[in-house]
Amino acid sequence: LLVGDVDFSGYLPQLPFSKEEVNVVREFATRKSLDVISLSGNRATKSAFRSEMPNCVVAHVATHGFFENQATETATRSAGTLAMTPRQLAEIARNPLLQCGLIFAADTALGGSHRLTAEEIATVNLSNCELVTLSACETGRGRPYSGQGVVGLRTCLTAAGVKHLLISLWSV
């Protein structure tokens, strides 16, 4: 599964090199005779991603990521489509699985939602997935919790069944 050149429709800046990035990965996969499913432009929604992920063995995702304080800011940015109540914002502050995730194209089936949180990822069966590469900022970060270690995207992807991850602690 390849995700890149996502149409953020002004929600966030476009990632100018993600199209080239997924094209290079696609060429490599084709040379290795791997089947490739691509999600790009306005087809790269969180619904499409969640639908395709359980069937893939390898996924390369080039999109925006978010972590911690960015979650509240990002959740309220999209022209009112993600307006949140104070109670919802308080839930984000308490739940580390809502404080990180990935950004996709607006999903009209979900009221225009762009955000896929770590909590949502954890609910998908990814036991067929051998490798996930997240080419997005700070996807390896998380919040330390006593007795649980660092909780974030890594935690959710491994709990969902992904065997190997390539993630970043920094901006990419």
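Residues numbered from 1 in each chain as written. Predicted model: local features only at pLDDT ≥ 70, side-chain atom pairs only at ≥ 80, totals over all residues. Heavy atoms only, no water.

**As for the sheet that holds strand E6 (residues 113-117)**
This is how it is decided: Following DSSP output, two strands are said to pair if at least two bridges run between them. Going along the chain from the N terminus, every DSSP run of H or I of four or more residues is numbered as a helix, and every run of E of two or more is numbered as a strand. Lines fitted to C-alpha atoms define the axes, with helix axes restricted to the stretch in contact, and inter-axis angles between N-to-C directions lie between 0 and 180 degrees.
A sheet is described by the order of its strands in space; here 3 strands give the open sequence E4-E5-E6, paired in antiparallel fashion. At either margin of the open sheet sits one strand with a lone partner, and together these are strand E4 (65-67) and E6. Across the sheet, the mean angle from the axis of one strand to that of its neighbour is 35°, orientation sign disregarded. Pairing of strand E5 (residues 100-107) with E6 involves 4 bridges; the strand directions are antiparallel. Across the sheet, residue Ile 103 finds its bridge partner in E6, namely Arg 115.

**Description of helix H6 (residues 153-160)**
One turn of the α-helix equals 3.6 residues, which is why residues spaced by three or four share an orientation. Quick note on the threshold: Accessibility here uses a 1.4 Å probe with only protein chains present; expressed as a share of the type maximum, an area under 20% marks a residue as buried, one over 50% as exposed, and anything in between as partly exposed. When we speak of the arc, we mean the arc of directions from the helix axis to the C-beta atoms.
The set of residues buried in H6 consists of Leu 153, Cys 156, Leu 157 and Ala 160. Buried residues in H6, looked at end-on, bunch into an arc of 95°, giving them a common side. Gly 161, located one to two residues past H6, shows a positive phi value of around 120°.

**Regarding the pattern of salt bridges**
Formally: Throughout this description, the term salt bridge denotes a Lys or Arg side-chain nitrogen within 4 Å of a carboxyl oxygen of Asp or Glu.
Scanning the model with the defined rule gives 1 salt bridge in all. With a shortest N-O distance of 2.8 Å, Lys 46 and Glu 120 are connected by a salt bridge. Separated by 74 residues along the polypeptide, Lys 46 in helix H2 (residues 46-52) and Glu 120 in helix H5 (residues 118-121) bring together distant segments of the chain. A relative accessible area of 7% places Lys 46 in the buried class. Overall, Glu 120 belongs to the partly exposed group, its relative accessible area being 22%.

The analysis is restricted to geometry; functional conclusions fall outside its scope.
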